[in-house]
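Listed here are the chains, written in short residue letters.
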Amino acid sequence: MKHKPLPPLEELREALDYNPDTGIITWRKSPARRVKAGQEAGTKLNRGYRHITFKQKPYLTHRLAYYIYHGVDPLENQLDHKNGNRLDNTIKNLRLATHADNGRNRGISKKNTSGVTGVHWNKKKKKWEGYIRINGKQKYLGYFDKDKKQEAIQSRIEAEKKYFGDYRRHGL
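Here the residue numbering is sequential within each chain, running from 1 through the sequence in written order. Whole-chain, interface and lining totals are the exception, using all residues; otherwise, since this is a predicted model, local features are given only for residues with pLDDT of at least 70 and side-chain atom pairs are given and counted only at 80 or more. The side-chain numbers reported here are obtained from all heavy atoms of the structure, hydrogens and water having been left aside.

Colleague: Before we go on, may I ask you to explain the nonpolar core in this structure?
Modeller: Within soluble globular proteins, side chains that are nonpolar tend to cluster in buried spots. Side-chain atoms within 4.5 Å link the members of a nonpolar core, which is a set of buried Ala, Val, Leu, Ile, Met, Phe, Trp, Tyr and Cys residues. We call a residue buried when its accessible area falls under 20% of the maximum for its residue type, exposed when it is over 50%, and partly exposed in between, using a 1.4 Å probe and counting protein chains only. Among the nonpolar cores identified, the biggest contains 19 residues, and Leu12, Leu16, Ile25, Trp27 and Leu64 are the most heavily contacted of them. Working definition: helices are DSSP H or I runs of at least four residues, strands are E runs of at least two. Numbering for both runs from the N terminus. For this core, the secondary structure elements donating two or more residues are α1 (9–15), β1 (16–19), β2 (24–27), β4 (50–54) and α2 (61–70). The leading source of residues in this core is α2, at 4 residues. Each residue touching Leu12, except ones within four places of it in the same chain, is listed here: Pro7, Phe54, Leu64, Tyr67 and Ile68. The next biggest cluster of nonpolar side chains, apart from the first, holds 7 residues, and it includes Val116, Val119, Phe144 and Ile153. A contact between two residues is defined here by any heavy atoms of the two lying within 4.5 Å.

This is the structure we're talking about:
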């Protein structure tokens, strides 16, 4: 996804105040009749993110937060919410990521039956199957007997540590 360049930093800092501990951006000055100074800026989108309209253009709140705090426009980089919560824009929860890195921190699919990404029940073999996708290629981690589901999960966790590092989904 290509992101548009953000407005000049000085203009943003003049209009908006970012609290890195709460992740909330508030208006320093009232931008419109219905919006008061000190009020939280932006609205929630259907995809779970917040966005702020600044000078008639919408911007994702987490990108503005990163920019205001670090003084650097993330440009073509994506920003990853480490804990997976798209509304948590605290600075400790935001990090620069490639598209692949960001995808590694994706939540579990609604279709998943094991409770862990990369582990599923293979109906034909009647075994748990572990796998991981690296650079677009699926790597099989093995088949595990019906009563060895935890071993299949552990194989996935170890593979994530090896291949994904800090960008792996924590909290399995």
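Let us keep going from here.
Colleague: Got a minute to help me understand the packing of aromatic side chains in this structure?
Modeller: Each pair of aromatic rings is reported with the distance of its centres and the angle of its planes. Aromatic contacts are taken between Phe, Tyr and Trp rings whose centres are within 6.5 Å, Trp giving its six-membered ring; a plane angle under 30 degrees counts as stacked, one over 60 as edge-to-face, and the others as tilted. Counted under the stated rule, the structure contains 1 aromatic pair. Aromatic pair Trp121 and Trp128: ring centres 5.2 Å apart, planes at 70°, arrangement edge-to-face. For Trp121, a relative accessible area of 27% corresponds to the partly exposed category. Taking the relative accessible area as the measure of exposure, Trp128 reaches 11% and is therefore buried. For a ring to carry a charge above it, either NZ of a lysine or CZ of an arginine must fall within 6 Å of the ring centroid while also lying within 35 degrees of the normal to the ring plane. It is Lys4 that lies over the ring of Tyr59; its NZ or CZ is 5.1 Å from the centre.

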